[in-house]
Amino acid sequence: MLKGKKILLGITGSIAAYKSILLVRELVKLGAQVKVVCTTSALDFVTPLTLSTVSKNPVHSSFVSNPQTGEWVNHVALGKWADLMIIAPLSASSLSKLVSGQCDNLLLVTYLSATCPVMVAPAMDLDMYAHWTTQENLNKLKSKGVQVIEAEEGELASGLVGQGRMAEPEHIIKFVEQYFQGNGSLAGKRILVTAGPTYEMIDPVRFIGNFSSGKMGYAIANEAASRGARVVLISGPVHGVLASDGVDLVDVTSAEDMLNAVLKFAGQIDIFIMAAAVADYRPKIQFDQKQKKEGIGISKIELEETKDILKTIGTQKNGAKVIGFALETENEIENARRKLRNKNADMIVLNSLNDLGAGFGTETNKVTFVFDDMEVVHSLKSKAEVAKDILNAIENL
């Protein structure tokens, strides 16, 4: 969800600054780009070397970056670079300066230059935090659109116990994720994605299935969540593929299970993306006991068609955009366009098994978007990048 997001972290003079190192590390692990600006007093608690190592960027604390050459730190560029500015920890002194508009250090000047939203996580002793001036200053920030991540209760540096601890890094991460989820290009949209194969049981140990890994569907669901959508992912049996925290995962096994799960959500969605490789057939009879190899039942399995999930949703979409997938080996565009019409879909994502690096089980994919009146061919990319292309195309719809 935070992949590629630009986050500017301000650190002020507080013992809680040690938590900022952990916060930077977690943001970077989640794919964010992080730059750090410190007050000089913050450097009494954390070092630029540590912060630059975990952020993979230089750490700024003064207006001049190189006294020998006279190079200055462009606070305006820093403020405009960020998608979000977080000041954590925010001391009582810096809080007062934020409210009054003082700018006697690089962090404060950068804050005044920032054009992005700002979050603050105060940290101070319990009596300082409870003082009416502190609470009034926090309320003034809130009234101007700054999001305050309230201090938490616990043991403080003074030895006292009460409210004043800076919020834990994992709690701040939740606030950041919720912010981006609510402000992305798909914010407020409800998206239903299917992924993976289905298993159609023959007996308790055998099934009819396919080689789908689910990677493409999971990449789409994760990308949609990173753009602020409310995402439900209905997944057949997959291994080693993870949905992000912003995705509600529903596990199913068979085509019938998947259909029932899809129908449960179908009336509440804006976009349906059918990336799952659903079995076209299932055994007409499913045996309760394992069938022996020499038994007549296992040697003559009669099949019946499964219900067409994409067509079912396409015929009752009620304004939702419906996107299907097609995996072809011949007459690819013609077959994809026929599927587009027959399923009443808005777009078909065409895969060809003739393309090296595309199809089941790979880390990459090469796709063609098929519409009523045109096709758009995309080069071989990672499935994460293909997911971005798919969602860009859906947004254009």
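Structure: see above.
Residues numbered from 1 in each chain as written. Predicted model: local features only at pLDDT ≥ 70, side-chain atom pairs only at ≥ 80, totals over all residues. Heavy atoms only, no water.

Participant: I'd love a proper account of the sheet that holds strand 15 (residues 247-251), names of residues and values included.
Facilitator: Pairing within the open sheet is mixed, and its eight strands lie in the order 15-14-11-16-19-20-22-23. Edge positions in the sheet fall to strand 15 and strand 23 (375-377), since each of these pairs with one other strand and no more. Neighbour-to-neighbour, the strand axes of the sheet open up by a mean angle of 15°, direction not taken into account. Judged from the four bridges that link them, strand 11 (residues 190-195) and strand 16 (residues 271-274) form a sheet pairing that is parallel. By the bridge assignment, Leu192 is partnered in strand 16 with Phe272. Sheet contacts for helix 10 (residues 255-265): strand 11, strand 14 (230-235), strand 15 and strand 16; angle to strand 14, the most-contacted strand, approximately 165°. (Pairing = 2+ DSSP bridges. Helix = DSSP H or I, 4+ residues; strand = E, 2+ residues; numbered from the N terminus. Axes fitted to C-alpha atoms, helices over the stretch in contact; angles between N-to-C directions. Contact = heavy atoms within 4.5 Å.)

Participant: Provide a residue-level description of the environment of Asn57, including the pertinent values.
Facilitator: As for its placement among the helices and strands, Asn57 is situated in the loop between helix 2 (48-55) and strand 3 (59-60). Residue classification places Asn57 among the partly exposed positions, given a relative accessible area of 22%. Measuring from C-alpha to C-alpha, the distance between Asn57 and Gln33 comes to 8.8 Å, with 24 residues separating the pair along the chain. Residues in contact with Asn57, not counting those within four places in the same chain, are Val34, Lys35 and Ser52. Polar side-chain contacts of Asn57 include one of 2.8 Å to the backbone oxygen of Val34. (Buried < 20%, exposed > 50% of the residue type's maximum accessible area, 1.4 Å probe, protein only. Polar contact = N/O pair within 3.5 Å; in protein donor to acceptor, adjacent residues only side chain to side chain.)

Participant: Go over the pattern of salt bridges, please, and point to the residues and values.
Facilitator: Within the structure shown, the criterion is met by 21 salt bridges. A salt bridge links Lys140 to Glu136, with the nearest nitrogen and oxygen atoms 3.9 Å apart. Here Lys140 and its partner Glu136 are both found in helix 7 (residues 132-143), four residues apart, which amounts to about one turn of the helix. Among the residues examined, Lys140 registers a relative accessible area of 41% and is labelled partly exposed. Each of Lys19, Arg165 and Glu168 takes part in a single network of salt bridges with overlapping partners. (Salt bridge = Lys/Arg side-chain N within 4 Å of Asp/Glu carboxyl O.)

Participant: Account for the packing of aromatic side chains, with residues named and values stated.
Facilitator: On inspection of all chains with the given rule, the structure shows two aromatic pairs. A ring pair is formed by Tyr179 and Phe180, whose centres lie 4.9 Å apart and whose planes are at 65°; its orientation type is edge-to-face. Note on Tyr199 and Phe207: the rings are 3.8 Å apart at their centroids and 15° apart in plane angle, and the pair reads as stacked. For Lys35, the ring lying beneath its charged end belongs to Trp81, and the centroid distance is 4.5 Å. (Phe/Tyr/Trp six-rings, centres within 6.5 Å; stacked < 30°, edge-to-face > 60°. Lys NZ or Arg CZ within 6 Å of the ring centre and 35° of its normal.)

Participant: Got a sec to walk through helix 4 (residues 92-100)? Specific residues and values, please.
Facilitator: All buried positions along helix 4 are accounted for by Ser94, Leu95, Lys97 and Leu98. Around the axis of helix 4, the buried residues are gathered within 165° of arc, so they sit on the same side. (Arc of directions from axis to C-beta.)

Participant: Tell me about the layout of surface pockets, and name the residues and values.
Facilitator: Estimates place the volume of the largest pocket at around 1,000 Å³. What lines the largest pocket is a set of 39 residues, and nearest its centre among them are Ala276, Val278, Asp280, Phe325 and Lys339. The set of elements that each furnish at least two residues to the lining of the largest pocket consists of helix 9 (215-226), helix 12 (309-314), strand 19 (321-328) and helix 13 (332-342). Split into classes, the residues belonging to the lining of the largest pocket amount to 15 nonpolar, 14 polar and 10 charged. Breaking the lining of the second largest pocket down by element, the ones donating at least two residues are helix 9 and helix 14 (383-396). At six residues, the largest contribution of residues to the lining of the second largest pocket is made by helix 9. When grouped by side-chain class, the residues that make up the lining of the second largest pocket number eight nonpolar, six polar and eight charged. (1 Å grid on protein atoms, 1.4 Å probe; cavity = no way out; pocket = protein on both sides within 12 Å on 5 of 7 lines; lining within 4 Å. Points joined across faces, edges and corners; volume = space filled by probe spheres on them. Nonpolar A, V, L, I, M, F, W, Y, C, P; charged D, E, K, R; others polar.)

Participant: How would you explain the packing of helix 4 against helix 7 if you had to name every residue and give the values?
Facilitator: The N-to-C vectors of helix 4 and helix 7 enclose an angle of 45°; their axes lie 10 Å apart at closest approach. Between helix 4 and helix 7, the angle falls in the class oblique. The two elements helix 4 and helix 7 cross, and the hand of that crossing is left-handed. Facing Leu95, Ser96, Leu98 and Val99 of helix 4, the residues of helix 7 in contact are Thr134, Asn137, Leu138, Lys140 and Leu141. The residue inventory of the contact of helix 4 with helix 7, partitioned by class, reads five nonpolar, three polar and one charged. (Parallel < 35°, antiparallel > 145°, perpendicular 65-115°, else oblique. Left-handed = near helix turned anticlockwise from the far one by under 90°.)

Participant: Lay out the side chain of Lys343 with the relevant residues and their values.
Facilitator: Here Lys343 shows up in the loop between helix 13 and strand 20 (347-352). Accessibility expressed as a relative area gives 16% for Lys343, which makes it buried. Here Asp308 takes part through its side chain, which lies 2.2 Å from a polar atom of the side chain of Lys343. Discounting residues that sit within four places of it in the chain, Lys343 has contacts with Asp308, Leu310, Lys311 and Gly314.

Participant: Go over unusual backbone geometry with me, naming the residues and quoting the values.
Facilitator: The step from Ala88 to Pro89 runs through a cis peptide bond, and the omega angle for that step is 5°. In this structure, Pro89 sits in strand 6 (residues 84-90). With a phi close to 65°, Lys56 is a non-glycine residue in the positive phi region. Looking at the element boundaries, Lys56 is found in the loop between helix 2 and strand 3. Despite not being glycine, Asn344 shows a phi value in the positive range, around 60°. The topology assignment puts Asn344 in the loop between helix 13 and strand 20.

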